[in-house]
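Inside the fold
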Amino acid sequence: MPANALCWGFFAHQRINRMAVFSLPPAMLAFYKPHIDYLTKHATDPDQRRYVVAGEAPRHFIDIDHYGPPPYAALPHSWKAAVECYSADTLNKYGILPWHLERMLQQLTSAFIAKDGKRILKLSADIGHYAGDAHVPLHASSNHNGQLSGQEGIHALWESRIPELFADAQFSYWAGQAQYLEAPRDFIWAAVLGSGLAADTVLKAEQLLRGQYPEAARYAIGFRKGTLTRDYAYDYTKMYNALLGDMVMRRMRASMLAVASLWYTAWVNAGQPDLRGLAV
Ligand SMILES: [Zn+2]
């Protein structure tokens, strides 16, 4: 995936971080709720870093199909073992999302142990971003923008256009209570493998629909922040969302629960420190 590829759009990333807060237990909510605007605003910081921080881009995806057919049994889930098998260069080339997310969880646990409020917030916002990316099917496929199948633009259609048009009005955001993750590594990999498997559906559904809509009906000219834009047409987006069932909503909600569960697990593993009145 090239460095300029998108992640869940701004809109979805911000919703995911914001709504994850409401899945937390009261002892964590006491700290997270007053900072909910920070977590929302900084949900897309990792995307902005992609252009200035070397090594940032591969943290947002994994082209899992590079490693053979599902279930990718030969791909080690431990970073050390994966490097021994494939080399760090190869792993970086095809994306390191799941390994990076696990590392961030350890960093957040350390920040809780140190009761470093500022760092807890920063790492929480970042984890929200990467855990969200882990649930986007096209972040786990080498055909990340339909460039291998003549479907360029599908990335933004799935992760930006559908949420922007339908999420607030039609999606149910309640994700349930944060869960303690006994095996966070397995949990992270299950999310990524689920994304990899769903990528096929994401691509095939659009291919099917595209056959029924001439190009002129697929796109509409509109305004975005005062600029003329060419975007997927409302009707086309609506039909695609319907064809996918509730996939985008389910994966957005799964992202929210994953984010809350990762935050919660780090806090529990740090010994459940008292977060009341923590300076930031
Ligand atoms: Zn991203």
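Our subject is the structure that appears above.
In short, a report on the structure. (Residues numbered from 1 in each chain as written. Predicted model: local features only at pLDDT ≥ 70, side-chain atom pairs only at ≥ 80, totals over all residues. Heavy atoms only, no water.)

Bringing the pairing of strand β2 (residues 227-232) into the picture now. Pairing between strand β1 (residues 219-224) and β2: six bridges, direction antiparallel. Directly across from A220, in β2, lies its bridge partner D231. From the end of β1 to the start of β2, which pair antiparallel, there are two residues, and K225 there has a positive phi angle of about 50°. (Pairing = 2+ DSSP bridges. Helix = DSSP H or I, 4+ residues; strand = E, 2+ residues; numbered from the N terminus.)

So, about the packing of aromatic side chains. One pass over the structure, following the stated rule, counts 11 aromatic pairs. Here the aromatic rings of F166 and Y234 are separated by 5.6 Å at their centres, their planes lie at 65°, and the arrangement is edge-to-face. Remark: Y234 occurs in helix α12 (residues 234-243) and F166 occurs in helix α9 (residues 154-170); sequence separation between them is 68 residues. Assessed through its relative accessible area of 2%, F166 is described here as buried. Aromatic ring contacts, followed pair by pair, group Y213, Y219, Y232 and Y236 into a single cluster. For the cation-ring pair, R15 lies above F11, with the distance from its terminal atom to the ring centre recorded as 4.1 Å. The positively charged end of R230 is found above the aromatic ring belonging to Y219, 3.9 Å away from the centroid. (Phe/Tyr/Trp six-rings, centres within 6.5 Å; stacked < 30°, edge-to-face > 60°. Buried < 20%, exposed > 50% of the residue type's maximum accessible area, 1.4 Å probe, protein only. Lys NZ or Arg CZ within 6 Å of the ring centre and 35° of its normal.)

For the rest of this paragraph, the subject is the environment of I221. Secondary-structure assignment places I221 in strand β1. In this structure I221 comes out as exposed when scored by relative accessible area, which is 60%. Taking the C-alpha atoms as reference, I221 lies 8.5 Å from Y232; in sequence the two are 11 residues apart.

Once that is clear, we can look at the nonpolar core. Within the largest apolar cluster, 83 residues are counted, with the highest numbers of intra-cluster contacts made by Y32, F112, Y240 and W263. Each residue touching Y240, except ones within four places of it in the same chain, is listed here: I154, L157, W158, I162, V202, A205, E206 and L209. (Core = buried A, V, L, I, M, F, W, Y, C linked by side-chain atoms within 4.5 Å. Contact = heavy atoms within 4.5 Å.)

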